[in-house]
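Fold and contact review
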Amino acid sequence: MSRSRRDSPPPPPPPPLLGVRRAGEMQREEDDRPERAEPLSDAEREIIQDTWARVYENCEDVGVSVLIRFFVNFPSAKQYFSQFQDMEDPEEMERSSQLRHHARRVMNAINTVVENLHDPEKVSSVLGLVGKAHALKHKVEPMYFKVLSGVMLEVLSEDFPEFFPTEVQQVWSKLMGAIYWHVTGAYTEVGWVQVSSSAV
């Protein structure tokens, strides 16, 4: 590639969401928020909508797989769920109607985002509500959204390898980065203060 085009810097790398940290390896990310979400191109929106259509056919099962991996790899996240915070066994989690219900809610929220990618205001509004509810009502540390995004991308790329080659994973990383940006924006808006300074 010619280096004569000095006026256009190389594109930034996608958010590092696929390299998911394991339990005990989380970091604080108060200063990690970029100024704005990176916009998706028309082609990227189409890739996301096409691949999501395949995933959403098995919405509940995929959501359950994502949450089980999330809770197994990051057990500290269970503190926010009184209904299943004492569950250790993945099979017990899989049978939990409360976990299944929450999995449906997560998948439906992402579905709303994907269906409205052409409407940035709608996406911002939906994710703003999600962020505010988790900040004010549930008091969830915002970093868990980033972790959950990484876990979800891991599960999707493993369960649907034919639809999630590396280039598709990069587009999804960009979407997850945007989701995280909007959600953390809502946290900032409501004056979120870090609940605990200890690493999880």
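Structure: see above.
Scope of this entry: the structure provided in the associated data block. These figures come from a predicted structure and were not determined experimentally.

Conventions and cut-offs
Residues numbered from 1 in each chain as written. Predicted model: local features only at pLDDT ≥ 70, side-chain atom pairs only at ≥ 80, totals over all residues. Heavy atoms only, no water. Helix = DSSP H or I, 4+ residues; strand = E, 2+ residues; numbered from the N terminus. Expected span 1.5 Å × (residues − 1). Buried < 20%, exposed > 50% of the residue type's maximum accessible area, 1.4 Å probe, protein only. Contact = heavy atoms within 4.5 Å. Salt bridge = Lys/Arg side-chain N within 4 Å of Asp/Glu carboxyl O. Axes fitted to C-alpha atoms, helices over the stretch in contact; angles between N-to-C directions. Parallel < 35°, antiparallel > 145°, perpendicular 65-115°, else oblique. Left-handed = near helix turned anticlockwise from the far one by under 90°. Nonpolar A, V, L, I, M, F, W, Y, C, P; charged D, E, K, R; others polar.

Take helix 7 (residues 166-189) next. Over its 24 residues, helix 7 runs 34 Å from end to end, which matches the ideal 34 Å to within 8%, given 1.5 Å per residue. For helix 7, the tally of buried residues reaches 19 of 24 residues, placing the bulk of the element in the interior. After helix 7 finishes, the residue G191 shows a positive phi value of roughly 75 degrees.

Look at helix 5 (residues 120-137): 25 Å from first C-alpha to last across 18 residues, which is about the 26 Å you get at 1.5 Å a residue. Elements in contact with the buried residues of helix 5: helix 4 (97-115), helix 6 (143-159) and helix 7. Downstream of helix 5 by one or two residues, K139 has phi in the positive range, about 55 degrees.

For the rest of this paragraph, the subject is the pattern of salt bridges. Under the criterion given, the structure shown has 10 salt bridges. A salt bridge links E154 to R69, with the nearest nitrogen and oxygen atoms 3.0 Å apart. In this pair, E154 sits in helix 6 while R69 sits in helix 2 (residues 59-73), placing the two residues 85 residues apart along the sequence. Judged by its relative accessible area of 11%, E154 is buried. A salt bridge links E189 to K132; the nearest nitrogen and oxygen atoms lie 2.9 Å apart. You can see E189 sitting in helix 7 and its partner K132 sitting in helix 5, a full 57 residues away along the chain. Connected through salt bridges with shared partners, the residues E60, D61, R100 and R104 form a single ionic network.

A pair of packed helices is characterised by two quantities: the angle between their axes and the separation of those axes. At their nearest, the axes of helix 6 and helix 7 sit 9 Å apart, and the two run at 160 degrees to each other. In terms of orientation, helix 6 lies roughly antiparallel with respect to helix 7. The element helix 6 and its partner helix 7 pack so that their crossing is right-handed. Contact residues: M143, F145, K146, S149, M152, L153 and S157 in helix 6; Q169, W172, S173, M176, Y180, V183 and Y187 in helix 7. Looking at the contact of helix 6 with helix 7, its residues break down into nine nonpolar, four polar and one charged.

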